Structure formats: structure tokens, C-alpha cells
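As a plain string of letters, each chain reads:
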Amino acid sequence: MTRTALVSGASIAGPALAYWLHRYGFEVTVVEKAAAVRGGGYPIDVRGTALDVIRRMGRYEQLRAAHLHMGRMTFLRDDGRRVVSLRLDRLGGADGGDTELPRGALTGLLSDAIGDDVEFRFGDSIAELTDHDSGVDVRFAGGDTARYDVVVGADGLHSNTRRLVFGPEEQFHHYLGHCFAGFSMPNHLGLDHEGVASTAPGRTAVLYAAGDPDRVHGFLSFGRAEAPFAAFRDPAAQRELVASVFADGGWEVPRMIDAMRTADDLFFDVVSQIRMPNWSRGRVALVGDAAYAPSFLSGQGSSIALVGAYVLAGELAATTDHRAAFAAYEQRMRQFVADNQALAIGGGGVAVAPATRRGVWARNQLFRVAPLLLRLGAFGGRVAKVKSSLTLPDYTAPAEVGTR
């Protein structure tokens, strides 16, 4: 019989995993609580080893066609006075085809690659998992039941699959001291393929124009000692929290607060990482942010999700023993994940929202000399090395692996 897999989550890691599992002969079902694959969303990056994953899918040209070609990022004081402008295509040591594109463009690319080869169950989620020697019994929130050979949680930072199998999120959640809200709003400043950021102690407001002449992405990020877990499922509480933090903000902040209060695409979350001693238990495994979210401070969340999906599918295809496959997946990915998570530690938060006025001044001085550092090749070298530090294995599934 053909081996079966249930994947929870239809953002990036989930569809990428489904694509590769189907390529290796699995019968794949993807369950997603949303009503459809989500389009739109803020810009994300695909870098380094992840670009090789896209190439092997035959979708590199489609990826590059969606590249945003952002021009500059201008940093301001909290009163709107200019500090410095930097070229966005050089920040982080961009090279080798690194691509920034709307999140929805990447999810659309993955959906196109899958086509009709995979079953999607939208508007549903996993309610219960029972792991047996011969499979995993799944009860869906909609009431249906089914058995699968393996189940993979690709359902993000606040993974439902992880909670069901490994326990409460708090034991794996490492908060990095910052929160953020993202939303779209009218492009009042007429920005064009550029970003503008105004920083006050402990908080930063960003307008990011990614190509739509009428709309921009607004981001409000701020430091907070404790993660506001109670606000995760309460949009009204999220809006009030953000509005209170930025209540006395200058520059475009009052306009941004007004837009945030009524935005229908508000995305609020914390800057956190998921760190786990194991990414699998029995016949259930985790991939992407569900297993090892690096936080947006690393700029590598989407990339390591794509790489992890490729490696997990390949290891499952290479053997009928799910235990051996999961162990090999972890062995190949552990150092790559650790290195990418480390990019967000020890300075990322300071760059986003320095806690003190002196810290803001020091950050601004660093940005003033950044063009010189770029010319000397001393800026972004660590990112350039880490993002490509894993070489993709070539997986060729033996003929007998397609059956159990």
C-alpha cells in the first residue's frame, strides 16, 4: 500500500513538505484551519540553501519574478529627522540570488507546484492524535477520523500539533523581549519600493512600500519584559496594547495607530524562538516554526522552513522506518537550525528597538558607518555564511520505499 502522511498547516513548510512527499510516492493530506491558502502578507526572504530547494522544485524563475527589488531603508529619529539611508539589497550581505517577495507570492508558488496532487482540508484542524505501532489515528475538529502512517505539524510558532503531542507551548517558547504588529494602510507618503523607520527608546515604527503605489505595510515593534500570552487570541486586546505603547509617538505614528485599529489584516505576535530537545515523538514530527522558529530577527524563518521540509521528506522517502527517518532529519538539521537561531541573539533586538535613548544614539551611529562597512565587506558576513551552511543531500527513494 502507498504510505500516507497528514500535514497540519498550509503556509510555507506544510506545502513544501507535501510537494516533496508526493514526489516520493506518498499519499498526502494537508489540513489547514483557514478557509484557503492565505495570500498577501508582509515581505519575507528566501536565501542561501533554501534557494536550492526552490531550484530543485523547478520554481526558481517564478520566485525571482516576484522579487520586490527594494531600494533603500531610511532611518529617522522619533521626531522624523533623518539619520541615514541604507541600500536594502546590501543589508545582511545579500548575494547569490537572495529574494525578497510577498509572503503570499511564496505560498502561491508552492500551491502552483503542488497542483491537484495533494488533498487539502480547509477550515479544519486536528482535534486528537492517537499514536499506534501501525499508524496515527486522527480525529479532526470537523468530526471525521482517519489513520495515517505519519503526521507532521507544520502549523507555526503556536503549533496545535506540538501542543497535542509534546505539551504546552510555554516549555519550548523562548521569548526574545519584543512584540510587533503588522498591517496594511494607505500610502500617505507616496513611498516607492522603500522603507522608513522611526525609532524611540524601546519602540520602532516602520512603513514599508513593497510595490503597491496605494498601500504600505505598517509595523509597530516594541520591547516588553513579559510575553503577552493573554493577547494572542484576542485582537481587541492586541490593538489596545499596541495603541497604549505608542500613545505619545511622533512622526506618522498617530496615523499608523488609527490604521491599525481598523485594519482587517492585523498580525500581532511576539519575537520568540521555539527550542526543543526533540522534533519527533512516535510517528509524529514537527517542521518549520512549529519545531524551530528562529524569530523574524534572524530573517531566516521561511528559508529554514523550506530546507527542513526538503530534508524531512527526503529522509522519510529513504527508509520505511519512520524512527530512523526522523532521527536522520534531526541529525542533518540541528546545527543549521542552531546557527540560524543564533543570528537573532545578541544584538538583533537592539537594532530593532533599542531600550534607551543612548542605545538609539549608538544604533544610529552604527548605521551611519554601515556604508563603509559594506564597502569593506565587514557587514553581513555572518549571515552570508550561515544561510548557506547546509548542503542539500540528493535523495533517491528506493523502489520498495513507496510501499509498507
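Owing to the predicted nature of the structure, the values given are computational and were not obtained by experimental measurement.

Caption draft 1: Geometry of the environment of L207. Structurally, L207 can be placed in strand β14 (residues 203-209). Along the sequence, L207 and L343 sit 136 residues apart, while their C-alpha atoms lie 24 Å from each other. Residue contacts for L207: discarding those within four places in its chain leaves M185, L189, L191, E194, G195, V196, V216, H217, G218, W251, E252 and M256.

Caption draft 2: Region of the structure containing the packing of helix α1 (residues 13-23) against helix α9 (residues 301-318). Here α1 crosses α9 at 30°, and the two axes come no closer than 8 Å. Taken together, the axis directions place α1 and α9 in an arrangement best described as roughly parallel. As for the relative orientation of α1 and α9, their crossing is right-handed in sense. Touching A13, A16, L17, W20 and L21 of α1 are A305, L306, A309, Y310, L312, A313 and L316, all from α9. Tallied by class, residues from the contact of α1 with α9 come to twelve nonpolar, no polar and no charged.

Caption draft 3: Broad picture of the nonpolar core. Residues L106, L306 and M333 are the most contacted members of the largest nonpolar core, which totals 107 residues. Those residues in contact with L306 that lie beyond four places of it in its chain are I12, A16, V46, A50, V53, I54, L106 and L110. Grouped together as the second largest cluster of nonpolar side chains are 14 residues, Y208, A210, F219 and F367 included.

Caption draft 4: Geometry of the pairing of β14. Where burial is concerned, most of β14 is hidden: seven out of the seven residues are buried. Residues R203, A205, L207 and A209 point to one face of β14 and T204, V206 and Y208 to the other, with burial holding for every one of them. Adjacent in sequence and paired antiparallel, strand β13 (residues 194-200) and β14 are bridged by two residues, among which G202 carries a positive phi angle near 80°. Looking at chain direction, β14 and strand β15 (residues 215-223) are connected through six bridges and run antiparallel.

Caption draft 5: Spotlight on α9. With 18 residues, α9 extends 26 Å from end C-alpha to end C-alpha; this agrees with the ideal 26 Å at 1.5 Å per step. For α9, the buried fraction is high: 16 of the 18 residues fall into the buried class.

Caption draft 6: Region of interest: the sheet that holds strand β1 (residues 4-8). Spatially, six strands are ordered β7-β2-β1-β11-β18-β17 in an open sheet, and the strand pairing comes out mixed. This sheet does not close on itself; its edge strands, each paired only once, are β7 (119-122) and β17 (280-281). Where strand β2 (residues 27-32) meets β7, four bridges bridge the pair, whose relative direction is parallel. By the bridge assignment for β7, V31 is matched with R121. Helix-sheet contacts for helix α10 (residues 322-342) involve β11 (150-153), β17 and β18 (284-286), and the interaxial angle to β18 is about 15°.

Caption draft 7: Spotlight on helix α7 (residues 253-262). For α7, every residue scored as buried is listed here: V253, M256, I257, A259 and M260. Within α7, the buried residues cover an arc of 165° as seen down the axis, which keeps them to one side. Facing away from the buried side of α7, by more than 90 degrees, are the exposed residues D258 and T262. In this structure, the buried side of α7 is in contact with β12 (173-186), β14, β15 and α6 (235-245).

Caption draft 8: Quick look at the confidence of the model for the protein chain. For the protein chain, the mean per-residue pLDDT works out to 90, and 91% of the residues sit at or above 70. Counted against residues more than four places away or in other chains, residues 374-379, with its pLDDT under 50, gives seven contacts. Confidence drops under a pLDDT of 50 for residues 399-404, and excluding neighbours within four residues, the segment shows 17 contacts in the predicted structure.

The rules we used
Residues numbered from 1 in each chain as written. Predicted model: local features only at pLDDT ≥ 70, side-chain atom pairs only at ≥ 80, totals over all residues. Heavy atoms only, no water. Helix = DSSP H or I, 4+ residues; strand = E, 2+ residues; numbered from the N terminus. Contact = heavy atoms within 4.5 Å. Axes fitted to C-alpha atoms, helices over the stretch in contact; angles between N-to-C directions. Parallel < 35°, antiparallel > 145°, perpendicular 65-115°, else oblique. Left-handed = near helix turned anticlockwise from the far one by under 90°. Nonpolar A, V, L, I, M, F, W, Y, C, P; charged D, E, K, R; others polar. Core = buried A, V, L, I, M, F, W, Y, C linked by side-chain atoms within 4.5 Å. Buried < 20%, exposed > 50% of the residue type's maximum accessible area, 1.4 Å probe, protein only. Pairing = 2+ DSSP bridges. Expected span 1.5 Å × (residues − 1). Arc of directions from axis to C-beta. pLDDT = per-residue confidence, 0-100.

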